[in-house]
Structure formats: structure tokens, C-alpha cells
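# Commentary on secondary and tertiary structure
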4 protein chains.
Amino acid sequence: MVWADTDAAQVVHYSNYFRFFERAEEEFYKQLGFNFTDTAKNGIWFPRVEAFCQYKKPARFDDLLEVELTIEELKEKSLKLGFKMLNKETRMLLALGYVVIVAADKLRGKATRIPDDIVRKLAGFAKQVIR
Amino acid sequence: MVWADTDAAQVVHYSNYFRFFERAEEEFYKQLGFNFTDTAKNGIWFPRVEAFCQYKKPARFDDLLEVELTIEELKEKSLKLGFKMLNKETRMLLALGYVVIVAADKLRGKATRIPDDIVRKLAGFAKQVIR
Amino acid sequence: MVWADTDAAQVVHYSNYFRFFERAEEEFYKQLGFNFTDTAKNGIWFPRVEAFCQYKKPARFDDLLEVELTIEELKEKSLKLGFKMLNKETRMLLALGYVVIVAADKLRGKATRIPDDIVRKLAGFAKQVIR
Amino acid sequence: MVWADTDAAQVVHYSNYFRFFERAEEEFYKQLGFNFTDTAKNGIWFPRVEAFCQYKKPARFDDLLEVELTIEELKEKSLKLGFKMLNKETRMLLALGYVVIVAADKLRGKATRIPDDIVRKLAGFAKQVIR
């Protein structure tokens, strides 16, 4: 939680939760050994098509936060990631959210199959695989 | 759309849509003559309890954007604002979203009635008034 | 000034001034009829090599701000833009700053001459032309 | 380096360097055991009065970054922090910068002495103590 993430209500600005979710997502991919630079070179991107967050308790400047990430659904061309944000010390639930991501063929501008090597790495963590 | 709002996919980063929605919201309040500095002095804040966005088409650096704001629901202690983001020139729909806002008594840390003068100003624009 | 730009000191976060400067810069280019998408297609980008800001007075949520932009220096491969941020109503000076921008050939990764058509448009506004 | 920090030039947006500097600063204070919430309760804030950054090499999405922080000057009412940003793997210098911070009495709206307990903790790290 840095000062720049707070707003004049002295809590973390609500749009920044999506950035924390993203940080958790990137950390997760890094641990799986994904290389998005390579994927992007092959013309496949992963835009978000939906984003949602429910705010339970405000997060403050001093708070240490923890984000729990789950793969709620893994489909042929999309996946849904779930997020829980907790206060790391009190274990209080601060926020719940999700994002839906599609694999997109950038040149043709349309949805495409998630590459097999990525599917293989994600499948073990998915609550639901629908293909 | 400023350069700082874009990301390495050369489109506007998805978390920034919530900031554009917020800008539209503030503009709307300003036109209604709200004074949040006064409201805040009386200890009433308007935190978001939910935020959602569905992304239809990417927005790019050069695009001129327009945000349409609607009051979807006006309740005793909360309101739901709807947003549509359009490309100002092509009229293409880029994104749809909403935020749910509660009136909060900051000292007691709980939801409170939206002040009457604010309700009066908003009611004329609300699709649904549930009180 | 949107809520998202403020921080927990209830003033605009200092890093956001650079975003306001950037917004003024883009507005200026737009009025001159620049098309950066075209320039980028030709492999020329305009990264910043220096950025500076001096903060005189805090800017608050309700404030209407105005940014004055000047071209301090126009050189063969770089330009220096100066910025003043004022409170639009009180005319109080809030901040002073500058950025130094180079024309960069993205493929070769080095500085290059600013394209002639851009130089022609900027030269009339420059306090100093050093070539 | 998260995706949200990049811009359409596929490098980290220049204004975000100040946020990384800030993160390093907060980490440093945390290790020294500062409690800004307490300081703020006593009406003392630490606004920035100057910020500067020189950009040497672009930082990209995949890069691991490291920020080195130094206390360049410690004065009665202000301090100057220096920053170096390096690529953690290649040790390449990416950016150099500084911020000047004053201790401010929020109620009276003017500079004040940095509290003694903070001075004591910082003095050992300062290149120059001018009092």
C-alpha cells in the first residue's frame, strides 16, 4: 500500500484494487513460468472483458494486504479469475472480485483458443474446466 | 485519453475506465451544485461498495471518449450509477459499467441516509427511486 | 481534479502533476494538428529524458486547475517544455515544472532529428531555437 | 513492474518512476520504525517541494527493478532523498532522481522542524547533515 494508492478519504482508491489484483495475477503467471512477451510476439493478447469488485472494508495507508487468487473457470477461449483481498495481519476480508479474460488474436481482432501450453499450466489450479 | 492512461497493449488500461466513470460522476455532481467538501465536513462520505465494467472494444490513445451517466437506482442509503463509454466520433459502444455507492457516517463507520438535499437533486434523474 | 488524483493528505498526489502536464502537452499537440500515431508508425517516439516539478501550494479536490505550457528550448533532437500550474479561480501559482523530450529512433534505440514538419509547427512557439 | 505501469510505448510511464521512488521511501521508513499515522495525528505532514528524475534507459514489463535510496541532505526543516533505479538482473542504471521533502505543520500551513526522534533515526544514513 503506497501513499499514491490512497485518496482524500484516506483509504485506498477503489480503482486501485484492480491494480492489486493484476499484481497478484502477474505474480501467479511468473511462478508458472509464463512468458507473455513471447505470447505477444505470436500475436496473442489477454484483454479483460469483465471486471468486478465488491468492497467490504476500507484499506488504509499502513495496512499490509494479501491477495488470494483462484481460477474460477477455464474455458476454451477465456478464463475467470477470482480475487480476495485480506488484511494480512487481521485476516479481515477487505474485498472480493473477479476478472474475465479472453485470449485475443490481435491481428484479426477476435477471440482465439488459449494456447495449449498455457492451458496445461492453468488446468491444475482451476475450480472448473469447461472446454 | 492521455498517454499515461494507456498500457503496453497500446490500449487504455482497464482499471482506468473506473477513473473516467468517476470523472463523469464528479462532473455531474458539479452541475447539480453539490459540495462534497461540506458533506465531508459533516462526516458523510460516499464510498463505493461495488464496481463493475464490461469491456466491448478497446479505447486507443487518439480516441475521443464520451461517458453517459444514468442513475439506475436511488435508495435510502445507497445509489447505483450506470455508465456507458462511447467513442465520441464513431458512437461505438466501448464499455458498460456501474458503481454502487453508499452514504457512510465516517465516525460510526456505518451506512446512513443520503442527505435530503442531495436526494432532492438526484431524484429527478433516477430511473428508479426505492425508499 | 478527480478524487482518484488525491492522496491521503487530501491534496493532489505529487506524481499526478506530471500527468496534468502531459495532458496539457497532448492538448497542445492536438491543436497543432500532430498525429503521433503516424509518427510512431515511422518508428519515431518521444520519450522523456528529464522531468522536474517544484510544488508551491497544494491543489485540493475542489480546485479548478489551469496549466500553462511554454516551449523553453527547441533543439535538433530534443525539446524542453515548461509548465506552470495555476488555480484557475485565484490565479495562485501552484507548481512549476519542465520535461525534456528527445526524438528517438525506436529500432536503432538512439536519438534522432525531430521531423521537419514537427519542427516547423513548434518553432513559432519556442522561446529559444538552438539548431 | 505491473502491466498497469506501462504505457503505449511499451515501457514504464515516466510518471510512475516517482511512485517506485515513493515505494522505496516507505519501505525505508518502515524499516526505521516510523509511524506516519502518529506523526499525522500530531499535525505534521511531509509534502514534497521538489521532484526530479533523469531517465537513462527504458524499463519494460518483464524487468525486475531495484531502487537504491540515499539521504543526500538532512536539514532542520527539510530533507533531500536521492534515488537510483537499476535493472536488478543486468545492474544497468535506468534512472536517477531526487525529491525534496519538508516537514509541514498542517494547521498553520508552514514549514516546521523535523521531529527529533525522526532526525535521530535518519541522521546515521545522511550523507550531509546541515542544521
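Coordinates for the structure precede this section.
Residues numbered from 1 in each chain as written. Chains lettered and ligands numbered in written order. Predicted model: local features only at pLDDT ≥ 70, side-chain atom pairs only at ≥ 80, totals over all residues. Heavy atoms only, no water.

Between side chains of opposite charge, a pair can form when the charged atoms approach closely. Inspection of every chain in the model, using the stated rule, returns 28 salt bridges over all chains. A salt bridge links E76 of chain B to R113 of chain B; the nearest nitrogen and oxygen atoms lie 2.8 Å apart. Here the residue E76 of chain B occupies a position in the loop between β3 (65-75) and β4 (78-87), and R113 of chain B occupies one in the loop between β7 (110-111) and α3 (116-123), the gap between them amounting to 37 residues. Residue K75 of chain D is joined to E73 of chain D by a salt bridge in which the shortest nitrogen-to-oxygen separation is 3.7 Å. Take E73 of chain D: its relative accessible area is 22%, and that puts it in the partly exposed class. Each of E76, R113 and D116 of chain A takes part in salt bridges that share partners, so that together they form one network. (Salt bridge = Lys/Arg side-chain N within 4 Å of Asp/Glu carboxyl O. Helix = DSSP H or I, 4+ residues; strand = E, 2+ residues; numbered from the N terminus. Buried < 20%, exposed > 50% of the residue type's maximum accessible area, 1.4 Å probe, protein only.)

Okay, the environment of L81 of chain D next. All names here are of chain D. The residue L81 is located in strand β4 (residues 78-87) in this model. Here the alpha-carbon distance between L81 and I101, two residues 20 residues apart in the chain, equals 8.0 Å. Ignoring anything within four residues of it in the chain, the contact list for L81 reads E25, Y29, L69, T70, I71, E72, G97, Y98, V99 and I101. (Contact = heavy atoms within 4.5 Å.)

Our focus in this paragraph is the pairing of strand β5 (residues 93-102) of chain C. Remember that side chains alternate between the two faces of the sheet whenever the strand is regular. Residues and elements named next belong to chain C. When you tally the buried positions in β5, you get eight out of 10 residues, the bulk of the element. Sheet analysis places strand β2 (residues 48-55) next to β5, joined by seven bridges and oriented antiparallel. Of the residues in β5, the one forming a bridge with Y55 is A95. Linking strand β4 (residues 78-87) to β5, which pair antiparallel, is a turn of five residues; within it R91 sits at a positive phi near 65 degrees. (Pairing = 2+ DSSP bridges.)

Take chain B, turn it by 180 degrees, move it 0.0 Å along the axis, and it overlays chain A with an RMSD of 0.0 Å. Within this description, the copies of the chain are treated as partners about a two-fold rotation axis. For chain B, the smallest separation between a C-alpha atom and the rotation axis is recorded for F52 of chain B, amounting to 2.2 Å. Counting the interface residues of chain B, we find that 100% of their copies in chain A are interface residues as well, pointing to one common contact surface. (Least-squares fit on C-alpha atoms with pLDDT ≥ 70 in both.)

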